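Here are the chains, one letter per residue:
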Amino acid sequence: MRPPEMGRDGTWVGASVRRREDPRLLAGRGRFVDDIDLPRMLHAQFVRATVAHARIVSVDLSEVRAVPGVVAAFDAADLDLGDITALLDRPIEEFVPTGMPVLARDRVRYVGEPIAIVVATDPYAVEDGLEYAVVEYDELSPIVSDTAALATGAALVHDNAPANTLVDVALFATEGIDDVFAEAACVVRVRTKTGRQNALPLETRGVVADWDDRDEQLRVQTATQIPHQVRTVLARCVGLDEQQVRVTVPDMGGGFGQKCVVGREEIAAAAAALRLRRPVKWIEDRKDALTAAFLAREQRYDVRAAFDAEGHILGLDADVVCDMGAYSCYPFTAGIEPLMASAEMPGVYRVPAYRVRGRAVTTNKAPTGPYRGVSRPQYVMVVERLMERAARELGMDPVEIRRRNVITVFPYTGINGITYDPGSYRESLDLCEQVVRDEGWYDVRAEPGRVIGIGYACFSERTGYGSGAFAQRKMLVVPGFDISEIRMDTSGTVAVTTGTMSHGQSHETTMAQIVADRLGLDIAQVKIVQGDTDRITYGFGSFASRSVTIGGSAVAAASVKLGEQLREIAAHLLEADVDNVELDGDGGVRLRDDHGRRLSYADIADVAYLRAHLLPKGVGPGLTATASFDVAGDGTFSNATHGVVVELDRGTGGVEILRYVCVEDCGVAINPQVVEGQCRGGIAQGIAGALFEQVTYDDAGQPMAPSFMEYKVPTAAEIPDVLIHHLETPCAFTESGAKGAGEGGTIGAPAAVLNAVNDALRATGVELDDTPIARESIYRALEVL
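The structure reproduced in this document is the subject of the present report.

Section: the side chain of His642
Along the chain, the position of His642 falls in strand 26 (residues 636-648). Since its relative accessible area comes to 1%, His642 is described here as buried. Among the polar contacts listed, one links the side chain of His642 to the side chain of Tyr660, at a separation of 2.7 Å.

Below is the structure:
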C-alpha cells in the first residue's frame, strides 16, 4: 500500500517528504566537526599576518613553545609543504598561476594569512601560545582595490603578475559590433560596483586529523563540500599516496560555496597531526571566518547595451573586473568569477552581438572563492538595470521590454555559443507580473504620501555543469561527472553512494526519493552514503546546483542497473523469460502476465549472497551496480522571475520589502518543500547582498568588519515572507527531469530589489547602481521630494 507521504500519482519524486535528517539535527544529535573528541587530541590555531603586504624578515616561535600546554609550533620551514596551485590551460597573457603556500614563507599578502600553526593540549593554551609569536615584517605598499591594482606603477601583489592581473580574457567579440552601437536608436550604459561578501555558513570551517598506525592512513574529518579534492591536494602537499589519506565529512552546517575550495588551514592541521602522530583539531573562530576565510562578490562592471526603437536589444559590450584577493582558489582559479560572467551574461535574452573582456585582479585581501551564484547575481543585476534604463529612455513599460527580448523558442543557441534547453522565461515573467498586479500593488504604489517601488528580475541559472562546460574554461581539474554505487543487502534494503556532499540541502531525503522510485522501495529502506573518500569511488562534491542534476542522475542510473540484475535473477528463479518479469513497485519482482507469481527483493538477495549456487550461469554473487553520469552538451538551465515591492523611509533612507514574489522553474522538483527552502534561503542571501552585507578595508588593508557589530547581517525581521509559484519544464538531459535549484534565489534578489528601489526613486531623478544600496544615498535622493 502506498505510504501517505508519497505523491498523488504513487511516486516519491514530486512529494514533499519530510526531511529524514531533521529528527537527529533538531534534537541535537547531529555530529559536526567540533563534536569530535578523540583520545590525546590536540587543538590548533594559527599565527596570522597582522599587516596586508610585507616581506617576512623572521618568525620567532621559541617563546610560544615554552608556554604551558603548547606541544608544538610550526612555520613554513618546519613543515616544508607543497603549495596549493590551481591552473588553467591558458597562455601567460591570459592566466598567471599563483601558488598559495600552506603557511606563508617569504611574504604575506593579506591580513589574516596563516604564517605558523600552534598546537596545544586545549583551546585555551593554544590561544595563550599565539600571544608569544614574534613576526618581523618589512612592510610593502598594500593594494586594497581593483582600481589601485590596475593603476600605472602600482606595487605588485605577485612579482610574476604584471599589472596585478591574474586573468585577462576576451571570450567574445562579434564582428561589426561597433557599427551596431553607432547605428542603434538607443544606447544605455550601466557602471556598477558590488560589495565584497562573506558566505557566512552557520558552522565555520574546521578539521580533525589523526594518523592511524594500523591502516597507515591519515584520517581527516573536515567540513568540506569537496572531500575528494581535499584528499588529492592534501596527499600532494604532505607527500603521501592518495590511498594513505582518507577524508570524511560529518554533518555540516552550511557551506554556500565557501567550503568547495581547498583551504590552507585544513592542510596545515593534517600535516601537524602527521608530524606529531596525535589527533589535531582546528575550528575557525568567527573573527577569522569574517576576515581570513574565502570571500566573494567584489566586482566592477562597465556595460553598454544597444536597442532599436521598438526596444529590441541589438548588442552588449561589457568590461568586467573582479577583485579576487591575494590568490587563486583551488580548483577553480581566479578565473571563476570573470569567466562565469563573460560566458553567460546574455542570459535569458536574445542578444545578436556581444563583446566582453573579463579580468581577475589580485589585491591584498583574503582570496575570493565561490559563493552561491558565482557572478550571476552581479551580471544579472547589470543586465536588468540596462533593461530598466532602456525602457525609461524609450518610454516603454519595463516588463514589456523584457517580453520583447526573452528567449521563447527552444533549444536556443546564443551569441555566447551556449545552447539553452527549454524553459519558461516568458511564462515566469508574465505570471510574476500578474501576481503583483492581482494583489493590487500597482494601486498601492500610486497612493500619495508613500514612496513605493516595484522591481523585477528575469534570469536563468545554468545548473549541473558537466565536464564540457568546465573544459571550456580550460581548467586543468575538470569537474563534471559523478559516480554512484548501489548495494543491496540480504534484507532487501540498499546503500547508495554519491559523490556529492550535503551541507544542508537534504540529500539524505531527495536522493532516497529518486532511488525509492526506481526500485519500488520505501525511502526508509534506502541509505545514502556520502562524504567518505574510502567508500566512494570519486566525486566532485556539491556546488553549481549539480547535486540532483548530476549526482542524482548517477544515483538513478545505478538504481536502474541494479533493477536489471534483480530482474535477471528473478527470471531465472521463476523459470520465466527476462522480458516477462518486472519490478512490481513494492519491493519485489513479478511476472508481467501473472502478478501472483513474485519474489521479494529479500528472496532474491538471499540467493545472491547465501545460496549463490542457484544463480543463473554467468551471474556472480552479490547485488551491486555502479553508474556514472555527466551532463551532455552545455547542461541545463533553470529560470525564474522575481518581483519585489519596496517602501522607502524618508527619515532614514531605510528599505522595507512589502512583498516578494518568486516564480521559478527548476524542472521536476524532487521534493517541492526542499526546493522552496532553497528559494527562500537563496533570496535571503540575495537581499543581504542588496541591502546589508559588505566586507570593507581601510587604506592599510585592515579588515573593517571583524565581527557582527560591523558586518551587517539581516535577521528574520528584515527578510519578508516569500510567495513562490512553481512552473515545470522537465529537463531532457537528467535522469529525473530535474534542473538545479540551489542558487536561483540569490541570483535574482539583488537585481529585483535594486530595480524596486530605483522605481521608488523615479520622481527624484536619481538612479542607484551599486550594492549594497547605501541608506545615505536613498536619504539624500529623497530630500528633493
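Quick word on empty space enclosed by the protein
The rolling of a water-molecule-sized probe over the atoms marks out the regions of remaining empty space. Within this structure, the stated rule accounts for eight cavities of 30 Å³ or more. Of the voids in this model, the largest cavity is the one considered here, and its volume is about 110 Å³. Lining the largest cavity are 15 residues, and of these Glu461, Ala640, Glu664, Gly744 and Gly745 lie nearest its centre. Going through the elements one at a time, strand 18 (452-463), strand 26, strand 27 (655-665) and helix 20 (744-760) are the ones with two or more residues in the lining of the largest cavity. A per-element tally of the lining of the largest cavity places strand 26 first, with four residues. Its residues assigned to classes, the lining of the largest cavity comprises six nonpolar, six polar and three charged.

Some remarks on the environment of Pro162
Within the secondary structure layout, Pro162 lies in the loop between helix 5 (146-150) and strand 7 (165-173). The spacing of Pro162 and Ser707 is 545 residues in sequence and 34 Å in space, taken between C-alpha atoms.

Quick word on the sheet that holds strand 22 (residues 581-583)
Strand order in the open sheet made by the three strands is 22-23-24, with antiparallel pairing throughout. Looking along the sheet, the strands with just one partner apiece sit at the ends: strand 22 and strand 24 (594-600). The average angle at which neighbouring strand axes cross in this sheet is 30°, direction not considered. Judged from the three bridges that link them, strand 22 and strand 23 (residues 588-591) form a sheet pairing that is antiparallel. What sits directly across from Leu583, in strand 23, is Val589.

Overview of the nonpolar core
Judged by nonpolar contacts, the single largest core of 169 residues is most densely connected at Ile117 and Met345. Those residues within four positions of Met345 in sequence are excluded, and the remaining contacts are Tyr301, Val303, Leu316, Ala318, Val320, Tyr354, Tyr379 and Val383.

With respect to the side chain of Ser545
Positionally, Ser545 belongs in the loop between strand 21 (526-529) and helix 17 (547-573). For Ser545, a relative accessible area of 13% puts it in the buried group. In terms of polar contacts, Ser545 uses its side chain to reach the backbone amide nitrogen of Gly742, at 3.2 Å. Once residues within four sequence positions are removed from consideration, Ser545 is found in contact with Glu461, Thr463, Gly464, Gly740, Ala741, Gly742 and Glu743.

Brief notes about helix 18 (residues 601-610)
Looking only at helix 18, the buried set comprises Tyr601, Ile604, Ala605, Val607 and Ala608. Down the axis of helix 18, the smallest arc covering the buried residues is 160°, so these residues share one side. Each element contacted by the buried residues of helix 18 is listed here: strand 19 (482-488), helix 16 (507-519), helix 17, strand 22, strand 23 and strand 24.

What about the sheet that holds strand 15 (residues 354-361)?
In spatial order, the strands read 7-15-14-13-8; together these five strands make up an open sheet with mixed pairing. Strands with a single pairing partner mark the edges of an open sheet, and in this sheet they are strand 7 and strand 8 (186-194). Direction aside, the axes of adjacent strands within the sheet are offset by 10° on average. Sheet topology places strand 7 next to strand 15; six bridges connect them, and they run antiparallel. Each bridged residue has a counterpart across the sheet, and for Thr165 the counterpart in strand 15 is Val361.

Quick look at helix 20
Over its 17 residues, helix 20 extends 25 Å from the first C-alpha to the last, a length consistent with the 24 Å expected when each residue adds 1.5 Å. Within helix 20, 17 of the 17 residues are buried, which leaves it mostly tucked inside the rest of the structure.

What about a negative patch on the surface?
Residues Glu127, Asp128, Glu131 and Asp285 make up a contiguous surface patch of negative charge. Position of Glu127 among the secondary structure elements: in helix 4 (residues 123-130). Glu127 gets classed as partly exposed once you look at its relative accessible area, which sits at 36%.

Considerations on the state of the cysteines
What we call a disulfide is simply a covalent bond connecting the sulfur atoms of a pair of cysteines. Counted under the stated rule, the structure contains zero disulfides. This cysteine, Cys237, is not joined by any disulfide, and Cys329 carries the nearest cysteine sulfur, 15 Å off. Accessibility expressed as a relative area gives 6% for Cys237, which makes it buried.

A closer look at the packing of aromatic side chains
What describes a pair of aromatic rings is the distance from one ring centre to the other and the angle between the planes of the rings. One pass over the structure, following the stated rule, counts eleven aromatic pairs. Relative to Phe540, the ring of Tyr538 lies with its centre 5.5 Å away and its plane at 75°, an arrangement referred to as edge-to-face. Residue Tyr538 is classed as partly exposed on the basis of its relative accessible area, which comes to 21%. Taken together, the aromatic side chains of Phe332, Tyr465, Phe470 and Phe543 make up a single cluster linked through ring pairs. Positioned over the ring face of Trp211 is Arg277, at 4.7 Å from the centre of the ring. Just above the ring of Phe181 sits the side chain of Arg304; from NZ or CZ to the centre is 4.1 Å.

Here is what the cut-offs are and how they apply
Residues numbered from 1 in each chain as written. Predicted model: local features only at pLDDT ≥ 70, side-chain atom pairs only at ≥ 80, totals over all residues. Heavy atoms only, no water. Helix = DSSP H or I, 4+ residues; strand = E, 2+ residues; numbered from the N terminus. Buried < 20%, exposed > 50% of the residue type's maximum accessible area, 1.4 Å probe, protein only. Polar contact = N/O pair within 3.5 Å; in protein donor to acceptor, adjacent residues only side chain to side chain. 1 Å grid on protein atoms, 1.4 Å probe; cavity = no way out; pocket = protein on both sides within 12 Å on 5 of 7 lines; lining within 4 Å. Points joined across faces, edges and corners; volume = space filled by probe spheres on them. Nonpolar A, V, L, I, M, F, W, Y, C, P; charged D, E, K, R; others polar. Pairing = 2+ DSSP bridges. Axes fitted to C-alpha atoms, helices over the stretch in contact; angles between N-to-C directions. Core = buried A, V, L, I, M, F, W, Y, C linked by side-chain atoms within 4.5 Å. Contact = heavy atoms within 4.5 Å. Arc of directions from axis to C-beta. Expected span 1.5 Å × (residues − 1). Patch = residues over 30% accessible without salt bridge, like charges linked within 9 Å, V, L, I, M, F, W, Y side chains within 5 Å. Areas by Shrake-Rupley, 256 points an atom, 1.4 Å probe, with all protein chains shown as cover. Salt bridge = Lys/Arg side-chain N within 4 Å of Asp/Glu carboxyl O. Lys, Arg positive; Asp, Glu negative; His and termini not counted. Charge placed at Lys NZ, Arg CZ, Asp CG, Glu CD. Disulfide = S-S within 2.5 Å. Phe/Tyr/Trp six-rings, centres within 6.5 Å; stacked < 30°, edge-to-face > 60°. Lys NZ or Arg CZ within 6 Å of the ring centre and 35° of its normal.

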